[in-house]
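Coordinates in review
The primary structure of each chain is shown beneath.
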Amino acid sequence: MRHFLLLLLLTLAACQSTDKKETTAAKQAVACPPPPAPFTVRHPAWMDDATIYQVNVRQYTPEGTFRAFEQHLPRLQQMGVKVLWLMPINPIGKLNRKGSLGSAYSVYDYRAVNPQLGTLADLQQLVKAAHGRGMYVILDWVANHTSWDNPLTKQHPDWYTRDAKGNFQPPVADWQDVIDLDYGKPALRRYMTDAMLYWVKEADIDGYRADVAGLVPTDFWESTRQELEKVKPVFMLAEWDELHDPPFLKPGEFTPHTHLLEKAFDATYALHLHGLLDSLGRGQKPTSALARYYAAERRMYPAGVQLMTFTSSHDINAWDGSEYERLGPNAQPMAVLTALLPGVPLIYSGQEAALKKRLRFFDKDTIPWNGYPLQDFYTTLVKLKKSHPALRNYDACAEFRLLPSSSKTVVFERRKGDAAVLVAVNLDARPQAVPLPAAEEARQDVFSKQPAPADTLRLPAHGWRVLASQ
């Protein structure tokens with residue numbers, strides 16, 4: 001049964017040519033049909049080879065400003081980063097604030113810049129500089145709730161939901177520094193869409209990451225995307241996963257059918273996969289559980305629909321711990337998996353510094369960069385993602401298959417025509433040897449730059465090998 005799952009269910013491929021004499025170039029030139037309706041989102045062309053980099057501006061530098069962060073653009077360009085996701089840039093409410101600086105997700109004014117980060121001109125300059133380096137910028141958008149003292153509470157108090165006593169209320173019991181908006185009000189929807197259009201037009205940003213997107217009606221996101229697309233092509237990322245029941249919702253509140261990826265968003269989070277990978281990294285589940293996960297993902301979505309993969313983010317780091325706290329010696333092996341498994345990869349601020357602490361969420365806490373010890377590691381992964389035809393985002397014609405291996409190893413191949421990447425990761429404290437499938441094409445180890453062995457791959461404890469052919 002296990003081999004059946006691995007080799008039959010998880011040969012996730014479409015459009016494979018049966019003509020063995022066809023050249024690699026010809027195979028890769030064949031146009032791949034888009035996912036079937038109702039999945040009609042048109043992804044911007046620049047997302048095809050993109051890795052996302054989340055920027056925690058407050059903690060990135062001692063200054064915590066746009067101008068200070070801008071000095072890092074050459075380094076991130078050298079890494080191969082394509083999309084910069086800036087955490088919320090708006091002023092933060094003071095009423096019921098948590099910590100000394102408050103949460104960036106407690107928005108006081110949707111059309112203003114937090115003066116602690118800089119000015120509108122500073123943001124415009126940062127976006128212009130990023131564009132000049134072939135990079136794109138998306139903003140974190142908090143549509144579901146505002147701060148308690150947002151002027152909208154006085155100007156439009158009817159735009160908020162109320163508790164049984166008629167008072168403003170948090171959307172989730174633990175989120176006591178914010179209050180819930182009511183999307184049953186058409187005027188609120190128009191206001192929020194106009195605010196999102198404002199930043200695309202004024203700062204030339206390239207899209208949004210939508211905070212707790214599944215708590216906002218999907219038809220709002222669909223109509224808003226249509227309006228944004230009239231200005232420029234945008235990338236839209238939803239903080240949600242239709243395969244994952246969020247722990248902050250009450251039993252029965254979660255629905256797996258929000259349809260966010262059909263007309264509104266280019267990607268949601270792979271939260272279910274993230275939790276599974278953490279369990280694998282801690283030895284709590286066998287690696288064969290990946291087969292069941294990918295079978296479920298394909299039942300939910302057609303080929304060419306992808307989620308965002310990651311080992312860390314602002315929430316994961318702050319509340320669950322750094323990847324070293326959660327995964328120990330398997331932190332880097334898991335980074336290899338999330339970079340090269342199907343999906344849109346994410347790197348969080350400080351991961352290239354091997355950040356081993358939780359950054360404070362409500363206070364200043366500058367990242368200790370320590371000479372960027374993992375800069376080369378992430379550069380290798382990001383540039384492979386960017387250059388290899390088998391690793392393209394949203395490619396319904398590419399092939400992905402998990403290969404048989406032991407319960408402590410993960411081995412998979414991604415292929416487009418004759419171009420292939422084979423990834424083998426060892427999560428065990430002992431070295432492992434894994435068999436290699438036969439290949440006509442020559443394979444090279446991406447990290448060592450040495451020719452790959454023909455039949456057996458030896459993995460060090462908590463190690464990995466990445467073999468590529470083109």
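Preceding this section is the structure that the text describes.
Reading the values: rules and limits
Residues numbered from 1 in each chain as written. Predicted model: local features only at pLDDT ≥ 70, side-chain atom pairs only at ≥ 80, totals over all residues. Heavy atoms only, no water. Helix = DSSP H or I, 4+ residues; strand = E, 2+ residues; numbered from the N terminus. Rg over C-alpha atoms; globule rule 2.2 N^0.38 Å. Buried < 20%, exposed > 50% of the residue type's maximum accessible area, 1.4 Å probe, protein only. Contact = heavy atoms within 4.5 Å. Areas by Shrake-Rupley, 256 points an atom, 1.4 Å probe, with all protein chains shown as cover. Lys, Arg positive; Asp, Glu negative; His and termini not counted. Charge placed at Lys NZ, Arg CZ, Asp CG, Glu CD. Salt bridge = Lys/Arg side-chain N within 4 Å of Asp/Glu carboxyl O. Polar contact = N/O pair within 3.5 Å; in protein donor to acceptor, adjacent residues only side chain to side chain. Phe/Tyr/Trp six-rings, centres within 6.5 Å; stacked < 30°, edge-to-face > 60°. Lys NZ or Arg CZ within 6 Å of the ring centre and 35° of its normal.

The next point concerns the overall build of the protein. The helix and strand tally for the protein stands at 16 helices and 18 strands. For the protein, the C-alpha radius of gyration of 22 Å lies close to 23 Å, the compact-globule estimate for 470 residues. Viewed in the frame of its principal axes, the protein has a C-alpha envelope of about 70 × 50 × 45 Å. The buried share of the protein, reckoned over its 470 residues, is 59%. Long-range pairs, those at least 24 residues apart, make up 73% of the contacts in the protein with a sequence separation of at least 6. With the model as given, the accessible surface of the protein reaches about 18,900 Å², and the carbon-plus-sulfur share is 53%. Looking at charge distribution, the protein has the averaged site of its 53 positive side-chain charges lying 3 Å from that of its 51 negative ones.

Another aspect to go through is the side chain of Arg443. Looking at the element boundaries, Arg443 is found in the loop between β15 (432-435) and β16 (444-445). Of the side chains bearing the opposite charge, Glu413 lies closest to the buried Arg443, which forms no salt bridge; the N-O distance is 4.7 Å. At a separation of 3.2 Å, a polar atom in the side chain of Arg443 contacts the main-chain carbonyl oxygen of Pro437. Once residues lying within four places of it in the same chain are set aside, the contact partners of Arg443 are Leu422, Leu436, Pro437, Pro451, Ala452, Pro453, Ala454, Leu467, Ala468 and Ser469.

Turning next to the packing of aromatic side chains. Going through the model one piece at a time under the given rule, you end up with 29 aromatic pairs. With a centroid separation of 5.0 Å and 80 degrees between ring planes, the pair formed by Tyr293 and Tyr294 is classed as edge-to-face. Under the relative-accessibility criterion, Tyr294 is labelled buried at 1%. Residues Phe400 and Phe412 carry aromatic rings whose centres are separated by 5.7 Å and whose planes lie at 75 degrees to one another, so their mutual orientation is edge-to-face. Placement of the pair is Phe400 in strand β12 (residues 399-402) and Phe412 in strand β13 (residues 409-416), with a sequence separation of 12 residues. Judged by relative accessible area, Phe400 falls into the buried class, the value being 3%. Grouping aromatic residues by their ring pairs yields a cluster made of Tyr53, Tyr60, Phe69, Trp369 and Tyr372. The positively charged end of Arg75 is found above the aromatic ring belonging to Trp369, 5.1 Å away from the centroid. Lying across the ring of Tyr324, Lys356 places its NZ or CZ 4.3 Å from the centre.

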